[in-house]
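Analysis of the macromolecular model
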Amino acid sequence: TYASNEKGIEWLQRKLGNRYTVVPVYLSDPTIMHLDCCLTFIGKNLAIIHKNSIKLPLPFPLNQYDFIELDDDERKELAGNVLV
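Read on for a plain summary of the structure.

Reading the values: rules and limits
Residues numbered from 1 in each chain as written. Predicted model: local features only at pLDDT ≥ 70, side-chain atom pairs only at ≥ 80, totals over all residues. Heavy atoms only, no water. Helix = DSSP H or I, 4+ residues; strand = E, 2+ residues; numbered from the N terminus. Polar contact = N/O pair within 3.5 Å; in protein donor to acceptor, adjacent residues only side chain to side chain. Contact = heavy atoms within 4.5 Å. Patch = residues over 30% accessible without salt bridge, like charges linked within 9 Å, V, L, I, M, F, W, Y side chains within 5 Å. Areas by Shrake-Rupley, 256 points an atom, 1.4 Å probe, with all protein chains shown as cover. Salt bridge = Lys/Arg side-chain N within 4 Å of Asp/Glu carboxyl O. Lys, Arg positive; Asp, Glu negative; His and termini not counted. Charge placed at Lys NZ, Arg CZ, Asp CG, Glu CD. Buried < 20%, exposed > 50% of the residue type's maximum accessible area, 1.4 Å probe, protein only. Phe/Tyr/Trp six-rings, centres within 6.5 Å; stacked < 30°, edge-to-face > 60°.

**Brief notes about the side chain of Thr40**
Inspection of the secondary structure puts Thr40 in strand 1 (residues 39–43). A distance of 3.2 Å separates the side chain of Thr40 from the backbone oxygen of Asp36, its partner in a polar contact. Polar side-chain contacts of Thr40 include one of 2.5 Å to the backbone oxygen of Gly80.

In structure tokens form, the structure reads like this:
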């Protein structure tokens, strides 16, 4: 992967300590540079997603979210990468 990997997950968990739990989400396409290109949280239990870019099933608690789904063209145009 370009920018997201296991070492980044471990680094972030160390920085956050025990107060938070980092939940890894894995991309199915290694050419996607950042998770926010295909998964963006926009509200409580609501996110924009391009499911073809994410290795499913999503881990808990993400599997409890409601999603606005993007198609392939919308993902390529970065339609889910919005300012929240």
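Read on, since the account is not over.
**Section: the side chain of Ser53**
As for its placement among the helices and strands, Ser53 is situated in the loop between strand 2 (46–49) and strand 3 (66–69). In contact with Ser53, not counting residues within four places along its chain, are Tyr26, Leu27, Ser28, Asp29, Ile32, Cys38 and Arg75.

**What to know about a negative patch on the surface**
On the surface, Asp71, Asp72, Asp73, Glu74 and Glu77 cluster together into a patch of negative charge. Structurally, Glu74 can be placed in helix 2 (residues 72–76). Its relative accessible area of 31% is what places Glu74 among the partly exposed residues.

**As for the packing of aromatic side chains**
Under the defined criterion, the tally for this structure stands at 2 aromatic pairs. Between the aromatic rings of Phe41 and Tyr65, the centroid separation amounts to 5.5 Å while the plane-to-plane angle is 65°, which identifies the pairing as edge-to-face. Within this pair, whereas Phe41 is found in strand 1, its partner Tyr65 is found in the loop between strand 2 and strand 3, the two being separated by 24 residues in sequence. Taking 6.3 Å as the distance between ring centres and 25° as the angle between the ring planes, the aromatic pair formed by Tyr65 and Phe67 counts as stacked. For Phe67, a relative accessible area of 21% puts it in the partly exposed group. Cluster of aromatic residues (ring-pair linked, three or more members): Phe41, Tyr65 and Phe67.

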